[in-house]
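# Structural features, examined
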Amino acid sequence: MRIERIIAQRLKDINPSPTLAITAKAKKLKQEGKDIVNFAGGEPDFDTPLFIKQAAIEAINSGFTKYTPSTGIPELKKLISEKFKKDNSLDYSPEQIVVSCGAKHSIFNALLTLINPQDEVLIPSPHWVSYQEMVKICEGIPRFIPTSAEDNFKINIKQLERYIGKKTKLLILNSPSNPTGCVYNLDELKEISSLCVEKKIFVISDEVYENFIYDNHKHISIASLNQDIYNLTITINGVSKSFSMTGWRIGYLGGPVEIIEAISKLQDHSTSNPTSISQKAALIALSTNNKFLIEIKEEFQKRRDYLVSRLKRIKKLSFVIPEGAFYIFCDITKTELDSLTFANRLLEEAMVSVIPGKDFGSDNHIRISFATDIEQIKKGIDRLEEWINKL
Ligand code: GLU
């Protein structure tokens, strides 16, 4: 039978995730013994800290292996509520929090809860690859707001105004941003929030890279600016990136009570609770002092600085120095290759994996991840430099 007859309409034009596919390919080649330098990874290379693993082992040994409340165990929601208050000046009571299977799941829950068919969702572009696919699955329409390197890949209020129409339901804001590394400052957020409040546009604020922020830049949660924008915002975060726990699948969101109640129903009838064991691990991660967070942040600052210093010497590449997250979005126009060809040839000819920019919204860019140690970064850049000079 033809595939069009079998597969539901809403999944017809959905693309697979290139970030996951390429990361998996690089890992597989490495396991096969190939000397690949992985600049594709969207996850910190650090092992999950031992004290977190031990909490999970204890959870298993003590039989904490059954259903939990669907939106998460009360003690974890309480801790997340305290975290939001302490780190983000956000007042979300535990009843305003849903713990899910990764921040990606939290975003998906939020979209599915808010989008009606044909609603438009504004996505500043370049953008993370999954936003538009999730919007499409929810039968909404992704509308990209183009940004440029000159503007540090940030939207401004004039542009935003141009893109808001009758059908606009929400804006997805991702700061620090994957893939560009831009971080919105207070003034920029004030402007964006005032327009969203005026036009009654909801905001999904994806803050999962919060802990990866460099120099003197500061992470600000848009919902903390005032009550009006708070009432329109769902704040997304998770332990995956900050605590190197990507495989544990624990993300969470905070938002207005009515939206949270709807998301809770959705989760009741879809995944139920996120894994009980992972919840115990996340509990320990969030309740301990932030020594690990400081260490990981300092290490990533060093990596970013080193990578930036090396990339500056490669004449055929240009980039904006990332203020946050762990990616550099490199302009490859001068190589005269499209991003897929660039990435494929670099992997085959120089054994370095990067992600093509095409699915992030620019075929003139590639994404280089520095979630790998300095030795690997050095080796990868040596190879990249030599390869590019021969083009
Ligand atoms: N967000 C990460 C990335 O962009 C992890 C992979 C994914 O879920 O896309 O690489």
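This write-up is about the structure you can find in this document.

Following both chains from N to C, one finds helix α12 (residues 291-311) and helix α14 (residues 374-390) inclined at 15°, their axes separated by 10 Å at the closest point. Accordingly, the angle class assigned to the pair α12 and α14 is roughly parallel. Our pair here, α12 against α14, has a crossing hand that is right-handed. Residues Glu299, Lys302, Arg303, Tyr306, Leu307, Arg310 and Leu311 of α12 lie in contact with α14, whose contacting residues are Ile374, Ile377, Lys378, Ile381, Asp382, Leu384 and Glu385.

We now examine helix α8 (residues 186-199). Structural remark: α-helix, 3.6 residues per turn; residues separated by three or four positions point the same way. A rise of 1.5 Å per residue sets the reference length of α8, with its 14 residues, at 20 Å; its end C-alpha atoms lie 20 Å apart and thus fit the reference within 8%. All of the buried residues along α8 are Leu189, Ile192, Ser193, Leu195 and Cys196. Relative to the axis of α8, the buried residues are bounded by an arc of 165° and lie together on one face. The exposed set on the far side of α8, more than 90 degrees from its buried face, consists of Asp187 and Glu198. Check the buried side of α8 and you find it contacts α7 (157-163), β5 (168-174), β6 (202-206) and α9 (227-230). Two or three places before Asp187, at the opening of α8, Asn185 has a side-chain oxygen 3.2 Å from that residue's backbone nitrogen.

What follows is about the pairing of strand β2 (residues 97-100). Both faces of β2 are covered, namely the face carrying Ile97 and Val99 and the face carrying Val98 and Ser100. Of the strand pairs in this sheet, β2 and strand β8 (residues 251-254) are connected by four bridges, and their pairing is antiparallel. When the sheet's bridge partners are listed, Ser100 is paired in β8 with Gly251.

Pairing within the open sheet is mixed, and its seven strands lie in the order β2-β8-β7-β6-β5-β3-β4. Taken across any chain shown, the strands that pair with only one partner, and hence form the sheet edges, are β2 and β4 (141-146). On average, each strand axis in the sheet is inclined to that of its neighbour by 20°, with strand direction left out of account. Direction of pairing for strand β3 (residues 120-125) relative to β5: parallel, over a ladder of three bridges. Residue Glu120 lies in a different strand from β5, and its bridge partner there is Thr168. On top of the sheet, helix α4 (residues 74-88) reaches β2, β7 (233-238) and β8; it is set at about 115° to β2, its chief contact. Packed on one face of the sheet, helix α5 (residues 103-114) meets β2, β5, β6, β7 and β8 and runs near 160° to β7.

Thresholds applied
Residues numbered from 1 in each chain as written. Predicted model: local features only at pLDDT ≥ 70, side-chain atom pairs only at ≥ 80, totals over all residues. Heavy atoms only, no water. Axes fitted to C-alpha atoms, helices over the stretch in contact; angles between N-to-C directions. Helix = DSSP H or I, 4+ residues; strand = E, 2+ residues; numbered from the N terminus. Parallel < 35°, antiparallel > 145°, perpendicular 65-115°, else oblique. Left-handed = near helix turned anticlockwise from the far one by under 90°. Contact = heavy atoms within 4.5 Å. Expected span 1.5 Å × (residues − 1). Buried < 20%, exposed > 50% of the residue type's maximum accessible area, 1.4 Å probe, protein only. Arc of directions from axis to C-beta. Polar contact = N/O pair within 3.5 Å; in protein donor to acceptor, adjacent residues only side chain to side chain. Pairing = 2+ DSSP bridges.

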